[in-house]
Amino acid sequence: MPSVRSPVGTFLRGQAMLPARNANPGLLDGLIAAVRAGLSGLAGIAALVAPIALRIALAMPFLMSGMTKWDGFLQLAPTASYLFEDEFKLHIFGQLYDMPAPDLMALLDGIAEIVLPILLIVGLATRLSALALLVMTGVIQLVVPEGWANFHLPWAALAIAIVAVGPGPASLDRLLDGLAGLASDGNA
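Described in the following lines is the structure provided in the data block. Nothing here was measured: the structure is a model prediction, and the numbers come from that model.

Reading guide: rules and limits
Residues numbered from 1 in each chain as written. Predicted model: local features only at pLDDT ≥ 70, side-chain atom pairs only at ≥ 80, totals over all residues. Heavy atoms only, no water. Helix = DSSP H or I, 4+ residues; strand = E, 2+ residues; numbered from the N terminus. Buried < 20%, exposed > 50% of the residue type's maximum accessible area, 1.4 Å probe, protein only. Core = buried A, V, L, I, M, F, W, Y, C linked by side-chain atoms within 4.5 Å. Contact = heavy atoms within 4.5 Å. Arc of directions from axis to C-beta. Salt bridge = Lys/Arg side-chain N within 4 Å of Asp/Glu carboxyl O. Patch = residues over 30% accessible without salt bridge, like charges linked within 9 Å, V, L, I, M, F, W, Y side chains within 5 Å. Areas by Shrake-Rupley, 256 points an atom, 1.4 Å probe, with all protein chains shown as cover. Polar contact = N/O pair within 3.5 Å; in protein donor to acceptor, adjacent residues only side chain to side chain.

1. Describing the environment of A132
Among the secondary structure elements, A132 is positioned in helix α5 (residues 126-143). Classification of A132 by relative accessible area gives partly exposed; the value is 27%. For A132 and A112, which are 20 residues apart along the polypeptide, the C-alpha to C-alpha distance reads 8.6 Å.

If you want it as structure tokens, here you go:
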């Protein structure tokens, strides 16, 4: 009677239960190559889409907030000034402090919350815009410290990711870099 190898006994003794040889090595190599090609294509698509998604994801909350601070073209809403004068307080080392120059802060915030997200969306001055929004997120953290987990941490992570990966290929920054490269090549 032929001996039968027990899978459990083989496993316990540390012996491999692999077939003696691959019946069709070309098929397996082809499958692996196809999977690698598919993953490479997916990575190419992600490299195009991810920076755009990061830019939009960071821009939208700031843009939506900025829209509430204006009563028409170049007319700051009274509620924006009120927030910076009476509602927003800096939480520093367990103490509350009034915002310095609240009317100026309201105006600068209103401008930044419109201009920086638009720059991010179109991909112009992308890293600088993301860095500025990271600084704004830090200030917002000082004003609303309980918002760190749901809002400030994701915003900071998005801003840092944008600074790290840059604007991506579908951006005005990349277009201007390409045009600058063509101009410098023509002058050589």
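2. Here's the deal with the nonpolar core
Among the nonpolar cores identified, the biggest contains 14 residues, and L58, F62, L120, L133, M136 and I162 are the most heavily contacted of them. Elements with a minimum of two residues in this core: α2 (25-67), α4 (102-122), α5 and α6 (148-165). Excluding its chain neighbours within four sequence positions, the residues that come into contact with M136 are F62, D109, A112, E113 and L116. In this structure, L63, A80, L90 and I114 belong to the second largest nonpolar core, which totals ten residues.

3. Overview of unusual backbone geometry
The phi dihedral of L74 falls on the positive side, at around 55°, and the residue is not glycine. Since its relative accessible area comes to 66%, L74 is described here as exposed. Positive phi, normally seen in glycine, also occurs at F93, with a value near 50°. Here F93 is to be found in the loop between β1 (89-92) and β2 (95-98).

4. Section: α6
Listed as buried for α6 are H152, W155, A156, L158, A159 and I162. Buried residues along α6 cover an arc of 160° about the axis, so they all sit on one side. Residues of α6 that are exposed and point over 90 degrees away from its buried face: N150, I160 and A164. Positive phi shows up at G166, right after α6, with a value of about 85°.

5. Thoughts on the pattern of salt bridges
Evaluation of the coordinates by the stated rule reveals three salt bridges. Across the pair K89 and D98 runs a salt bridge, and its minimum N-O distance is 2.6 Å. Exposure remark for K89: the relative accessible area of 22% places this residue in the partly exposed category. When salt bridges that share partners are traced, they join K69, D109 and E113 into one network.

6. A short note on the side chain of H152
Assignment of secondary structure puts H152 in helix α6. When residues no more than four places from it in sequence are discounted, the contact partners of H152 are T137, I140, Q141, V144 and G147.

7. Things to note about a nonpolar patch on the surface
A contiguous nonpolar surface patch, about 940 Å² in accessible area, is contributed by I56, M60, M64, I118, I121, V122, L172, L175, L176, L179 and L182. Mapped onto the nonpolar patch, the elements with two or more residues apiece are α2, α4 and α7 (172-187). Examining the composition of the nonpolar patch, we find that five residues originate from one element, α7, more than from any other. Counting through the fold element by element, L179 comes out in helix α7.

8. Concerning the environment of K69
As for its position among the elements, K69 is in the loop between α2 and α3 (78-87). When its relative accessible area of 6% is taken as the criterion, K69 is described as buried. A polar atom in the side chain of K69 sits 2.9 Å from the side chain of S65. Here D109 takes part through its side chain, which lies 3.2 Å from a polar atom of the side chain of K69.

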